[in-house]
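Listed below, chain by chain, are the residues.
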Amino acid sequence: MGNLASRLRRVARLLGPSLLSLLVALVASGIVVALAGGNPARAFLALMQGAFGSADSLSEVGVKTCPLLFTGIAMVIAFRAGVWNIGGEGQLLLGAIAMAWLGSRLALPDWLGLPLVLAAAAMAGGGWAALAAVLKRQRAVSEVISTIMLNFVALQLVSYLVHGPLMEAAGQYPQTDAVSAALRLPRLFATHRLHLGFLIALGVAALAQVLLFRTVLGYQMRAAGLNPVAARLAGIPAERCAFLALVLSGALAGLAGGVEVSAVTYRLYEQFSPGWGFTAIAVALLGRLNPGGAVVAALFFGALDAGSFSMQRAAGISSVLVSIIQATVIFALVAVEGGAWLATTRARPEPSVL
Amino acid sequence: MPNDPAAIPAPPPNAGQALLSVRGLRRNFGAVAALAGVDLDFYPGEIHAILGENGAGKSTLMNAIYGLVRLDGGAILVDGRPVHFGGPLDARQAGIGMVHQEFALFEVLTVSENLALALSPAREWRLRLDRVAAAAGALAAEIGLDLGDLDARVETLPVGTRQRLEILKALSGQTRILILDEPTAVLTPVETAQLFRMLVRLRARGGTVLFITHKLREALEVADRVTVMRHGRVVRTVRAAEASERALAEAMVGTEPVPAAAPRPRQPRGAPLLRIEELSVVDERAIRAVDALSLEVRSGEIVGIAGVDGNGQWELFQVLAGLRRPTAGSIHLAGTLLTRFSPEDMIQAGASTIPPDRQRQGLVLEMTVAENLILNCALLARLASGPFLPRAASRSFAGALVQRYVIRTDGLDVPAATLSGGNQQRLVVARALSTDPQLLVAFNPTRGLDFAATGAVHRACSQACERGAALLLISTDLDEILGLSDRVAVLYRGKLSPSLESPLPAERLGALMAGVHEDAGG
Amino acid sequence: MDQAILTGLAASTVTMAVPLLLAALGELIAERSGTINIGLEGMLLMGAFTALIAAYFSGSSALGIGLAVGAGALFGLLMAYFVVGANANQVVAGAALNLLALGLTGVAYRAVFGVTGSAITVRGAPAFSVPVLRSLPVFGAAVFQQTLLGYASFVLVPLLAFALARTLPGLALRMVGENPRAAEAQGVHVKRVRTLALVACGALAAAGGAFLSVVYANTFVEGMSAGRGFIALAVVIVGRWSAWGILLAALFFGLASSLQFQFQALGVAVPYQLFLMLPYVLTLVVLAGYAGRARPPAALGQGYRRD
């Protein structure tokens, strides 16, 4: 048959909307830049330079991408299972809290300690998501609202902890003690910040791919996410799948926070996350809910982030522009698709805001 | 020729020019001709019944007249002038109102609120429920309808009242033609009598009533003329006074040979695989959907359950699919008493289902053909290797099924949505049979399928029975029941009639289904 | 308890409640038409920013509020384009709208004012008192010495309640939210109704944001909406999709929010973050307790395609 042709067609159908929406987003943000008084061409050039201009900047791209990889994959899993996890931000913070707390207190050799604290971060994030999952399962509370509420609670929790119980011993700044040297994720190169966490994230992406497309559980999650009625009739435990997906998603987001503390900041403080939990949504959608696509999308946004500072320096454009690009990407995706991918009609689980 | 010349309708006594005429109406859904050239005339001041089985084209005809269905050919004339309806609002303006089987009501709103838009004056912005109520009351009195408490919320109303509400809505405005789609399907005998009295009053006012039904007796009771449809054509139109039940039943079911699966070899029946005793299901509205149902299906046997939709079939199916726990009664499957009711338990116990709505219940349209072919917990368990689902095993399994059941698809990796209805159903059937079930429960397995696909599904089911499975066939399609079953019972208001062995008398069956000889009570 | 404390509590309760009230009333209109607007937060933020900028440059808070309402309406239109026109997933589109608002306000703020350390302040909107009533004990000042926007929000409650229950357009709106197909069959233009509902929602949410920046804080801070838009979503649910219920719920959440100041005034040694958490935790608790008891519009969250 036209096997190659049909393959190409499928790839085009997958990539097309993403590329098109990227284009639209770039054009739209170019307009915004112009309106804000800047030069779009210079801004984007500075962006590219800042991201890819040197080995150091490439390493920075990796550093900025890492949390997006974890959270992006987290969203891929959740959305594939039909669960709207908007709580990545909060789950991430819980993971960071766990890492900052245990990492500065635990006296263990790295081969034992690191896996332990990373696991703790994942569990913290998963536990935070479990709150929403239980509310959904037992009390039919929409996960959209509950995860968002938990985000804000987590924010305040961080604020409380860094000003209080977990404040550094020196008592000077509202931040936690530093993670002990043994429990810091090692760098990959001596002179750059790129760290092991990046590789772990790639590994997680690969595992997610296996989970979703090669395991029974992944199959069940996807079926239940696309058509819970048919899934249930087939004997698939749809509610349990949704629960697991939400908790797993939270765990990965928690891992994002934990890795970031362990490898980059070594401490937790307020304003820790520049909105990774929300960018993750754009990453997942741009990556068409495929782990591989999410990796590419995460790299895109990571590059955007890495380049934004030089864009600000060179072209005077605020780095907050990145938010606009993200938003435009999502809008463009959704418009280009005509809503077919994320349609609310047909058997898709409607977000029940109850 | 669409019509037999002998069947050209004799105009009723007081007919002037036809109020509504249709000429050569055609409508195809894919390869199926839902309307294959229909010519009819309707006159003012008559009650006209359109009689036929499911799939005969009655609803499509009426929906076309009401502007809900596009036509592929033909013309509609009102008062002799051709009209084109872009939608129901156009039909309403031409004086045609329709009440569907599925009501378009707002559950949480009151009766008055449901009528408010239809009965409020044109430029009004205020909601004057008192005025609406007055207008509704006047209209209701004129026609002889009892709407009951106008401040009651629709969700509290019994079906009969809801239907009267729909009828009132349809009659608001200058409606000259009222179309009713299977109105008595959901009514008790008392409500049916009330409805008929109202229709007679309408006729006395000079209105025309078009009445879709498959119940012969009622058609003869209330209609002036009866048109029988079959396979998208008009078979004949007769005056009710001159018609006989037997002739009409034959016209409905047809003396053509039933599309045959190969004649099933009479096998010695094995042990009862399914034994249902005194099964009762009380639904959320405290209605006894299934009432003390007892049934036995043996190995190798096909038991057909006939009946009009809405008499408990869906609840029975839900129980056997594990989606619903019975309120009372017991079910033995392959000798074991069932105590747990979940789809997984039923599948593990050896049951397999073919649900009535393949797209919503049987398939995940966005997933590939291969993925859909394994959408079953027993299959998943069989194909799994630890926690993994090896691609190779799944694909070869799926590939074998595609070949065996001749599922026409562009490969295993295309979304199931790309398949035609017939092939989608083949997929569902293939999957259901591939678990080697002891009991197969099929609900309208050939709905919307063409002749070839229907035959394929029937053949597959027959073969499964030859291998020892028991098949419980729930269907609203008489042809299917007749062609396939060894024994047939009729479900009416949740109660099951005693079963009839084949050879099966067609008209007796039709009568039971229509509630003529109500042995089943109710 | 001391009269002064109660009066202070009443005043801050009302102040905290008004933005929630306005946003929730807007969301009520949208949800009654069947659309969930997660982007409420973004609309609120846009309103806060627009009002502040306009008030800063023109010196008129009234103009600020007016332009904010306009900006909110535009955002509502944008949301409608995707959710009603393109049948996009309502949750995702809403989330995108929030990101957009965050980005736009951030960029615009820095573009106009530069990255300064000090906050830009404006003179707050003037308050008008109602004689006699203003002197009522405890809540006299809170309710009857309010800005025009505050009064407008109070008046909106019975107005909206009346409009929904007693007018034909209100009935049509409710029909669209319950059963869009049946509504279309009765001649209601579903897409148009849903679009208008979102525009109204955006306008009201932005008005709530305007209250935040021009009445309450007299300044703008990036992300100052701080989740109020999401709390407003919960207010609609807790208020059981009725205007009066929403008023009560908004007051309730306003009370919870303002408790933190009172406890600080009392010198209670509880970390202030706990109080800041309170509205969000409360939302969860209330929603958990409310499972299945409130009935949302039947077609809520479902897209509508005309065949």
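To start, this report covers the structure provided alongside it. Treat the numbers as computed from the prediction; the structure is a model and nothing was measured. (Residues numbered from 1 in each chain as written. Chains lettered and ligands numbered in written order. Predicted model: local features only at pLDDT ≥ 70, side-chain atom pairs only at ≥ 80, totals over all residues. Heavy atoms only, no water.)

On the surface, a cluster of positive charge is contributed by Arg7, Arg9, Arg10 and Arg13 of chain A. Looking at the element boundaries, arginine 9 of chain A is found in helix α1 (residues 3–35). (Patch = residues over 30% accessible without salt bridge, like charges linked within 9 Å, V, L, I, M, F, W, Y side chains within 5 Å. Areas by Shrake-Rupley, 256 points an atom, 1.4 Å probe, with all protein chains shown as cover. Salt bridge = Lys/Arg side-chain N within 4 Å of Asp/Glu carboxyl O. Lys, Arg positive; Asp, Glu negative; His and termini not counted. Charge placed at Lys NZ, Arg CZ, Asp CG, Glu CD. Helix = DSSP H or I, 4+ residues; strand = E, 2+ residues; numbered from the N terminus.)

Right, let's talk about helix α3 (residues 61–85) of chain C for a bit. All names here are of chain C. Relative to the 36 Å expected for 25 residues at 1.5 Å per residue, α3 spans 34 Å between its end C-alpha atoms, a close match to the ideal helical length. The largest bend along α3 reaches roughly 25° and is located at methionine 79. Of the residues trailing α3, asparagine 87 is marked for its positive phi of about 55°. (Expected span 1.5 Å × (residues − 1). Bend = angle between axes of the 7 residues up to and from the residue.)

In terms of nonpolar packing, the biggest core is built from 314 residues, with Leu199 of chain B together with Leu25 of chain C touching the most fellow members. With residues up to four places along the chain from it excluded, the contact list for leucine 199 of chain B reads Ile47, Leu180, Val209 and Phe211 of chain B. The next biggest cluster of nonpolar side chains, apart from the first, holds 32 residues, and it includes Leu295, Leu320, Leu333 and Ala351 of chain B. (Core = buried A, V, L, I, M, F, W, Y, C linked by side-chain atoms within 4.5 Å. Buried < 20%, exposed > 50% of the residue type's maximum accessible area, 1.4 Å probe, protein only. Contact = heavy atoms within 4.5 Å.)

If you walk through the whole model with that rule in mind, you get 29 salt bridges over all chains. Of the charged contacts, one joins arginine 105 of chain A and aspartate 177 of chain A as a salt bridge, the two residues approaching to 3.9 Å between their closest N and O atoms. Here the residue arginine 105 of chain A occupies a position in helix α4 (residues 88–105), and aspartate 177 of chain A occupies one in the loop between α6 (143–163) and α7 (196–214), the gap between them amounting to 72 residues. Between arginine 203 of chain B and aspartate 224 of chain B there is a salt bridge, and its shortest N-O distance comes to 2.5 Å. Remark: aspartate 224 of chain B occurs in the loop between α7 (216–222) and β9 (225–230) and arginine 203 of chain B occurs in helix α6 (residues 189–204); sequence separation between them is 21 residues.

Time to look at unusual backbone geometry. Residues and elements named next belong to chain B. Even without being a glycine, aspartate 79 presents a positive backbone phi close to 55°. With respect to the helices and strands, the residue aspartate 79 is situated in the loop between β4 (73–78) and β5 (81–83). With relative accessibility at 26%, the residue aspartate 79 sits in the partly exposed group. In this model, arginine 493 sits at a positive phi of 55°, which is unusual for a non-glycine residue. Structurally, arginine 493 is set in the loop between β19 (487–492) and β20 (495–496).

Attention now moves to the interface of chain B and chain A. Interface size is often expressed as the accessible area that is lost when the parts come together. Listed by partner, the interface residues are 30 residues for chain B and 21 residues for chain A. Where chain B abuts chain A, roughly 2300 Å² becomes buried across the two surfaces, and 62% of that area is made up of carbon and sulfur atoms. On the chain B side of the interface with chain A, the three residues burying the most area are Glu366, Met367 and Arg391 of chain B, jointly 21% of the side's total. At the boundary of chain B with chain A, the tally comes to one salt bridge. The residue glutamate 371 of chain B makes a salt bridge to arginine 222 of chain A at a minimum N-O spacing of 2.8 Å. Across the chain B-chain A interface, the total number found is eight residue pairs in polar contact (both at pLDDT 80 or more). (Buried area = accessible area lost by both parts, 1.4 Å probe. Polar contact = N/O pair within 3.5 Å; in protein donor to acceptor, adjacent residues only side chain to side chain.)

Another point: the sheet that holds strand β11 (residues 272–282) of chain B. Residues and elements named next belong to chain B. With antiparallel pairing, four strands are arranged side by side in an open sheet as β12-β11-β14-β15. Because the sheet does not close on itself, it has two edges, and the strands there are β12 (288–298) and β15 (336–337). One ladder, built from seven bridges, connects β11 with β12; its direction is antiparallel. Within β12, the position partnered with valine 281 by the bridge is valine 290. (Pairing = 2+ DSSP bridges.)

This brings us to the sheet that holds β9 of chain B. All names here are of chain B. Pairing within the open sheet is mixed, and its six strands lie in the order β6-β7-β8-β3-β9-β10. Looking at the sheet topology across the chains shown, the edges are occupied by β6 (96–99) and β10 (233–239). Strand-to-strand twist of the sheet, defined as the mean angle between neighbouring strand axes without regard to direction, takes the value 20°. In this fold helix α5 (residues 159–171) packs onto β6 and β7 (177–181), with an angle of close to 165° to the strand it touches most, β6. (Axes fitted to C-alpha atoms, helices over the stretch in contact; angles between N-to-C directions.)

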